[in-house]
Amino acid sequence: PGMGKTTLLFEFMDRIRSRAKTAFLFNTLCKPNDIPALILQDLGVAPAPAVTDRHRQLHQVVAAEARSGRRVVVVILSNTLRRHADPAWLPRAGG
């Protein structure tokens with residue numbers, strides 16, 4: 001604690017904001033299946049009710065940004081999620 005990690009993350013996100021759409025999740029106590037909805041909300045997209053539809057929505061957001069020459073960056077700052085979440089579900093542009 002107190003090493004400035006969060007400050008560095010905010011600085012990084014400010015620097016890439018013109019080149020990337022960003023989502024920042026912190027202090028989140030939830031199940032891994034809830035993560036896509038939280039990311040979509042932070043990206044300004046109303047999440048669909050079904051988990052599979054939320055994954056499709058994330059893929060669409062990433063693909064649309066890639067077509068525009070931009071990236072999507074998701075920062076999750078939470079020890080709770082790190083122990084339970086598997087990032088393999090994150091959509092990949094072009095795949």
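Report on the accompanying structure.

Cut-offs used in this document
- Residues numbered from 1 in each chain as written.
- Predicted model: local features only at pLDDT ≥ 70, side-chain atom pairs only at ≥ 80, totals over all residues.
- Heavy atoms only, no water.
- Helix = DSSP H or I, 4+ residues; strand = E, 2+ residues; numbered from the N terminus.
- Buried < 20%, exposed > 50% of the residue type's maximum accessible area, 1.4 Å probe, protein only.
- Contact = heavy atoms within 4.5 Å.
- Areas by Shrake-Rupley, 256 points an atom, 1.4 Å probe, with all protein chains shown as cover.
- Pairing = 2+ DSSP bridges.
- Core = buried A, V, L, I, M, F, W, Y, C linked by side-chain atoms within 4.5 Å.
- Salt bridge = Lys/Arg side-chain N within 4 Å of Asp/Glu carboxyl O.
- Expected span 1.5 Å × (residues − 1).
- Phe/Tyr/Trp six-rings, centres within 6.5 Å; stacked < 30°, edge-to-face > 60°.

**Considering the overall build of the chain**
Right, on to step 1. Within the chain, the regular secondary structure consists of four helices and two strands.
Right, on to step 2. Beginning at the N terminus, the succession of helices and strands in the chain can be written as α-β-α-α-β-α.
Right, on to step 3. When the 95 residues of the chain are sorted by exposure, 29% land in the buried category.
Right, on to step 4. The long-range fraction of contacts in the chain, counting pairs at least 24 apart against all pairs at least 6 apart in sequence, stands at 56%.
Right, on to step 5. A total of about 6500 Å² of accessible surface is found on the chain, and carbon and sulfur atoms cover 55% of it.

**A look at the pairing of strand β1 (residues 20-26)**
Right, on to step 1. Most of β1 sits inside the fold, with five of its seven residues counted as buried.
Right, on to step 2. Where β1 and strand β2 (residues 71-77) come together, seven bridges link them in parallel fashion. Bridging from a neighbouring strand, T22 pairs with V73 of β2.

**A short note on the nonpolar core**
Right, on to step 1. Formed by A23, L25, C30, I35, I39, L40, L43, L58 and V61, the largest nonpolar core amounts to nine residues.
Right, on to step 2. Among the elements that take part in this core, helix α2 (residues 35-42) stands out by supplying three residues, more than any other.
Right, on to step 3. What L25 contacts, discounting residues up to four positions off in sequence, is I35, L38, I39, D42, V75, I76 and L77.
Right, on to step 4. Counting six residues, the second largest nonpolar core, distinct from the first, contains M13, A20, F24 and V73.

**Brief notes about the pattern of salt bridges**
Right, on to step 1. Under the counting rule described, the total for this entry stands at four salt bridges.
Right, on to step 2. Salt-bridge contacts for E11 lead to R15; the nearest nitrogen and oxygen are separated by 2.9 Å. Taken together, the residues E11 and R15, both in helix α1 (residues 5-16) and four residues apart, mark about one turn of the helix.
Right, on to step 3. R15 sits in the exposed class, given a relative accessible area of 58%.

**Considering helix α3 (residues 51-67)**
Right, on to step 1. With 17 residues, α3 should reach 24 Å at 1.5 Å per residue; the first-to-last C-alpha distance of 24 Å fits that figure.
Right, on to step 2. The complete set of buried residues in α3 reads R54, Q57, L58, V61, V62, A63 and E65.
Right, on to step 3. Check the buried side of α3 and you find it contacts β1, α2 and β2.
Right, on to step 4. G69 lies just past α3 and shows a positive phi near 80 degrees.

**Points about the packing of aromatic side chains**
Right, on to step 1. A complete count under the given rule lists one aromatic pair for this structure.
Right, on to step 2. When the centroid spacing of 5.0 Å and the interplanar angle of 50 degrees are considered together, the rings of F10 and F24 count as tilted. You can see F10 sitting in helix α1 and its partner F24 sitting in strand β1, a full 14 residues away along the chain.
Right, on to step 3. Under the relative-accessibility criterion, F10 is labelled partly exposed at 42%.

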